[in-house]
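A look at the structure
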Amino acid sequence: MKTVLLTGGIGSGKSAVAEYLRSKGVPVYDSDSMTKRLYDTDSQLLADMEKAMGAKLTDEDGKLDRKALANLIFSSEEALSKLESVVHPAVLKDFCQWRDAMDKEFREGVRPWYRYSGAFPFVVMESAIAMDKPLFEGAYDAVVVVDAPLQMRVERAVLRDSAPKEAVLRRVEAQKSDLSRADAVINNDLDLDTLRHRTDIAFKLLYL
């Protein structure tokens, strides 16, 4: 089963595109929420994280202490790299298992395919970072980038997250997308209906 990587930085509208694709019957793997699920359900992952980071990251109930983790990874790039060396392989494994399950459901007729952009089913991995991480190369067949003017992205993120503009700008800087590596770019600079229309066009041009 083919996979499309859907990516884009903060405030680009990537999540809006993902939600629209779900409404069309396309399975979407939200890497952020699925990573949080792994934090809450995979005790071995937590143990591996603590070993890699050399610090206790769980509370008295054995659950991830997100504040302790945030304090560590924001302290240095080395700490973030150590965390990613453990978490990213776990996320990739979970994605592959999820994709295999989707493939089985389509083949057995459990999940119908509504022919969105073509006759053959595909899945989408929604991730802001996968395109820039070598580990994920080979996990997807095409890349779709959602983009928008910088000022618009910042305004959206500030409004959505109630975050300081300076903090949003730092995240924007850390999430730059290389548009030259995209198979399709969706420009999200107008309204939601236009975004959906452009999404339809982009996916039809992928010839999946």
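Reading guide: rules and limits
- Residues numbered from 1 in each chain as written.
- Predicted model: local features only at pLDDT ≥ 70, side-chain atom pairs only at ≥ 80, totals over all residues.
- Heavy atoms only, no water.
- Core = buried A, V, L, I, M, F, W, Y, C linked by side-chain atoms within 4.5 Å.
- Buried < 20%, exposed > 50% of the residue type's maximum accessible area, 1.4 Å probe, protein only.
- Helix = DSSP H or I, 4+ residues; strand = E, 2+ residues; numbered from the N terminus.
- Contact = heavy atoms within 4.5 Å.
- Salt bridge = Lys/Arg side-chain N within 4 Å of Asp/Glu carboxyl O.
- Pairing = 2+ DSSP bridges.
- Phe/Tyr/Trp six-rings, centres within 6.5 Å; stacked < 30°, edge-to-face > 60°.

**Some words on the nonpolar core**
Here is a general trend for soluble globular proteins: nonpolar side chains tend to be buried in one another's company. One finds Leu5, Tyr39, Leu45, Met49, Leu64, Leu69 and Leu83 to be the most contacted residues of the largest nonpolar core, which totals 33 residues. When contributions to this core are tallied by element, the ones reaching two or more residues are α2 (31-41), α3 (43-53), α4 (66-73), α5 (77-107), β3 (122-126) and β4 (142-147). No other element matches α5, which puts 10 residues into this core. When neighbours within four sequence positions are excluded, leucine 83 is seen to be in contact with Tyr39, Met49, Met53, Leu69 and Ile73.

**So, the pattern of salt bridges**
Summed over all chains, the structure comprises 12 salt bridges. Across the pair aspartate 189 and arginine 198 runs a salt bridge, and its minimum N-O distance is 2.7 Å.

**As for the environment of glycine 11**
Looking at where glycine 11 falls in the secondary structure, it is placed in the loop between β1 (2-7) and α1 (14-23). When the C-alpha atoms of glycine 11 and leucine 192 are compared, they prove to be 14 Å apart, with 181 residues separating the residues in sequence.

**Some thoughts on unusual backbone geometry**
Most peptide bonds are trans, and most residues other than glycine sit at a negative phi. At arginine 115, a position not held by glycine, the phi torsion is positive, near 60 degrees. In this fold, arginine 115 is placed in the loop between α5 and β3. What makes arginine 115 exposed here is its relative accessible area of 55%. In this model, serine 117 sits at a positive phi of 65 degrees, which is unusual for a non-glycine residue. By the secondary structure assignment, serine 117 is in the loop between α5 and β3.

**Overview of the pairing of strand β5 (residues 184-187)**
Of the two faces of β5, the one lined by Ala184 and Ile186 is fully buried and the one lined by Val185 and Asn187 carries no buried residue. Strand direction decides the pairing type here: β4 and β5, joined by four bridges, are parallel. Bridge pairing in β5 links aspartate 147 to asparagine 187.

**Re the packing of aromatic side chains**
In total, this model carries eight aromatic pairs according to the counting rule given. Relative to tryptophan 98, the ring of phenylalanine 95 lies with its centre 5.8 Å away and its plane at 35 degrees, an arrangement referred to as tilted. Of this pair, phenylalanine 95 and tryptophan 98 both sit in helix α5, separated by three residues, roughly a single helical turn. Classification of phenylalanine 95 by relative accessible area gives buried; the value is 0%. The class of tryptophan 98 is buried, set by a relative accessible area of 16%. The rings of Tyr20, Phe106, Trp113, Tyr116, Phe122 and Phe203 are connected pair by pair, giving a single aromatic cluster.

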